[in-house]
Amino acid sequence: AQKITQTQPGMFVQEKEAVTLDCTYDTSDPSYGLFWYKQPSSGEMIFLIYQGSYDQQNATEGRYSLNFQKARKSANLVISASQLGDSAMYFCAMIRFQGAQKLVFGQGTRLTINP
Amino acid sequence: EAGVAQSPRYKIIEKRQSVAFWCNPISGHATLYWYQQILGQGPKLLIQFQNNGVVDDSQLPKDRFSAERLKGVDSTLKIQPAKLEDSAVYLCASSLRTGGDLSSGANVLTFGAGSRLTVL
């Protein structure tokens with residue numbers, strides 16, 4: 001089985017501050033991938049960043065970085081220098097590379113950036 | 001590159017009626033997914049296709065939901081008869097992956113804009 005847990009239903013951050021969104025996962029498989037997606041109020045799911053379980057370095061994409069701690073089974077998203085346009089729902093997701101290889105999502109964290 | 005196309009964007013029906021949603025994935029993407037997203041929740045996988053074969057449909061309510069992917073390209077998701085609890089956004093996504101390449105963009109799912117269903 002695979003499970004994703006996002007414990008922060010909502011977060012409020014001042015513009016230009018850094019923010020960390022928490023994600024923990026549960027799997028016994030050695031091969032898996034971790035994703036973060038952003039969903040603005042318009043509804044589309046926007047891919048932000050991906051980390052494979054065998055990647056030695058933390059993934060980075062512009063202002064986004066993934067703090068991957070394999071032993072703790074956590075994959076936190078860090079957004080540096082937050083902007084008003086970062087206000088959205090953020091979903092952590094995991095895919096196992098065995099069996100059906102389906103992508104499972106967490107419940108999401110609503111991030112609000114205050115001016 | 002054209003994105004994942006979905007239609008209709010919005011649909012309002014009464015309970016016990018039927019509805020169908022259509023999805024055209026990105027050209028060349030082998031894997032197609034249908035997710036159900038109820039307001040305030042994360043997306044839940046309904047069905048996953050690899051080319052035109054079903055990989056996983058364990059959470060598809062098969063007494064009322066059906067899906068097909070003819071010729072391994074576009075796909076249709078049908079609900080018949082609809083219930084009030086089917087009100088949700090139905091998201092279609094596609095990805096390149098056909099194997100276990102862990103580190104490439106082959107694993108990234110690209111989503112369509114979604115089809116919002118309201119059942120009255």
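Please refer to the structure placed before this passage.
Residues numbered from 1 in each chain as written. Chains lettered and ligands numbered in written order. Predicted model: local features only at pLDDT ≥ 70, side-chain atom pairs only at ≥ 80, totals over all residues. Heavy atoms only, no water.

Draft legend 1. Focus on the sheet that holds strand E1 (residues 5–7) of chain B. Residue and element names in this part refer to chain B. With antiparallel pairing, 4 strands are arranged side by side in an open sheet as E1-E3-E8-E7. Edge positions in the sheet fall to E1 and strand E7 (65–68), since each of these pairs with one other strand and no more. When the angles between neighbouring strand axes are averaged without regard to direction, this sheet yields 15°. (Pairing = 2+ DSSP bridges. Helix = DSSP H or I, 4+ residues; strand = E, 2+ residues; numbered from the N terminus. Axes fitted to C-alpha atoms, helices over the stretch in contact; angles between N-to-C directions.)

Draft legend 2. Structural context of unusual backbone geometry. Cis geometry marks the peptide bond from Ser7 of chain B to Pro8 of chain B, where omega comes out at -10°. Considering the arrangement of structural elements, one finds Pro8 of chain B in the loop between E1 and strand E2 (10–13). Cis peptide bonds are those with omega within 30 degrees of zero, and the linkage from Gln80 of chain B to Pro81 of chain B qualifies with -5°. Structurally, Pro81 of chain B can be placed in the loop between strand E8 (75–79) and strand E9 (88–95). Despite not being glycine, Lys73 of chain A shows a phi value in the positive range, around 55°.

Draft legend 3. Local environment of the interface of chain B and chain A. Contact residues are listed per partner, giving 21 residues for chain B and 21 residues for chain A. Carbon and sulfur atoms supply 58% of the area that chain B and chain A bury against each other, a total of about 1800 Å² over both sides. Taken together, chain B and chain A are joined by 1 salt bridge. With its nearest N and O atoms 3.7 Å apart, the salt bridge here joins Lys102 of chain A to Asp56 of chain B. Taken together, the links from chain B to chain A amount to 4 residue pairs in polar contact (both at pLDDT 80 or more). Counting only elements with at least two residues in the side of chain B that touches chain A, the list comes to strand E4 (31–37), strand E5 (44–50) and strand E6 (53–56) of chain B. (Contact = heavy atoms within 4.5 Å. Buried area = accessible area lost by both parts, 1.4 Å probe. Salt bridge = Lys/Arg side-chain N within 4 Å of Asp/Glu carboxyl O. Polar contact = N/O pair within 3.5 Å; in protein donor to acceptor, adjacent residues only side chain to side chain.)

Draft legend 4. Here's a closer look at the pairing of strand E9 (residues 74–79) of chain A. All names here are of chain A. Most of E9 is tucked away: 5 of the 6 residues are buried. As paired elements, strand E3 (residues 19–21) and E9 share 3 bridges and run antiparallel to each other. Bridge assignment links Thr20 to a residue of E9, and that residue is Val78. Across 6 bridges, the pairing between strand E8 (residues 64–69) and E9 is antiparallel. Residue pairing in the sheet places Phe68 in a bridge with Ala75 of E9. In sequence, E8 turns back onto E9 through a hairpin of 4 residues, with Lys73 there showing a positive phi of about 55°. (Buried < 20%, exposed > 50% of the residue type's maximum accessible area, 1.4 Å probe, protein only.)

Draft legend 5. A look at the state of the cysteines. Within this structure, the stated rule accounts for 2 disulfides over all chains. The disulfide partner of Cys23 of chain A is Cys92 of chain A, and the gap between their sulfur atoms is 2.0 Å. Given an S-S torsion of about -65°, the disulfide between Cys23 of chain A and Cys92 of chain A has left-handed geometry. Taken together, the residues span a long stretch of sequence, with Cys23 of chain A in the loop between E3 and strand E4 (24–26) and Cys92 of chain A in strand E10 (residues 88–96) at a distance of 69 residues. Of the two residues, Cys23 of chain A and Cys92 of chain A, both sit in the buried class. A disulfide bridge connects Cys23 of chain B with Cys92 of chain B, and the sulfur atoms are separated by 1.9 Å. (Disulfide = S-S within 2.5 Å.)

Draft legend 6. Quick look at the packing of aromatic side chains. Residue and element names in this part refer to chain B. As enumerated under the stated definition, the model contains 14 aromatic pairs over all chains in all. Centre to centre, the rings of Phe65 and Tyr90 are 6.4 Å apart; their planes meet at 40°, and the pair counts as tilted. Placement of the pair is Phe65 in strand E7 and Tyr90 in strand E9, with a sequence separation of 25 residues. On the basis of relative accessibility, which here comes to 0%, the residue Tyr90 falls in the buried class. (Phe/Tyr/Trp six-rings, centres within 6.5 Å; stacked < 30°, edge-to-face > 60°.)

Draft legend 7. Representation of the layout of surface pockets. Looking at the largest pocket, its volume works out to about 520 Å³. What lines the largest pocket is a set of 28 residues, among which Gln39 of chain A together with Gln37, Leu39, Val89 and Arg116 of chain B lie closest to the centre. At the level of secondary structure, the elements contributing two or more residues to the lining of the largest pocket comprise E10 of chain A together with E9 and strand E11 (115–119) of chain B. With 4 residues, the top contributor of residues to the lining of the largest pocket is E11 of chain B. (1 Å grid on protein atoms, 1.4 Å probe; cavity = no way out; pocket = protein on both sides within 12 Å on 5 of 7 lines; lining within 4 Å. Points joined across faces, edges and corners; volume = space filled by probe spheres on them.)

Draft legend 8. Summary view of the pairing of strand E12 (residues 109–114) of chain A. Residue and element names in this part refer to chain A. A one-sided burial pattern is seen for E12, the buried positions being Thr109, Leu111 and Ile113 and the unburied ones Arg110, Thr112 and Asn114. Both strand E2 (residues 10–14) and E12 contribute to a ladder of 5 bridges, which runs parallel. Paired with Gln14 across the bridge in E12 is Asn114. Looking at chain direction, E10 and E12 are connected through 3 bridges and run antiparallel. If you follow Tyr90 over to E12, its bridge partner there is Thr109.

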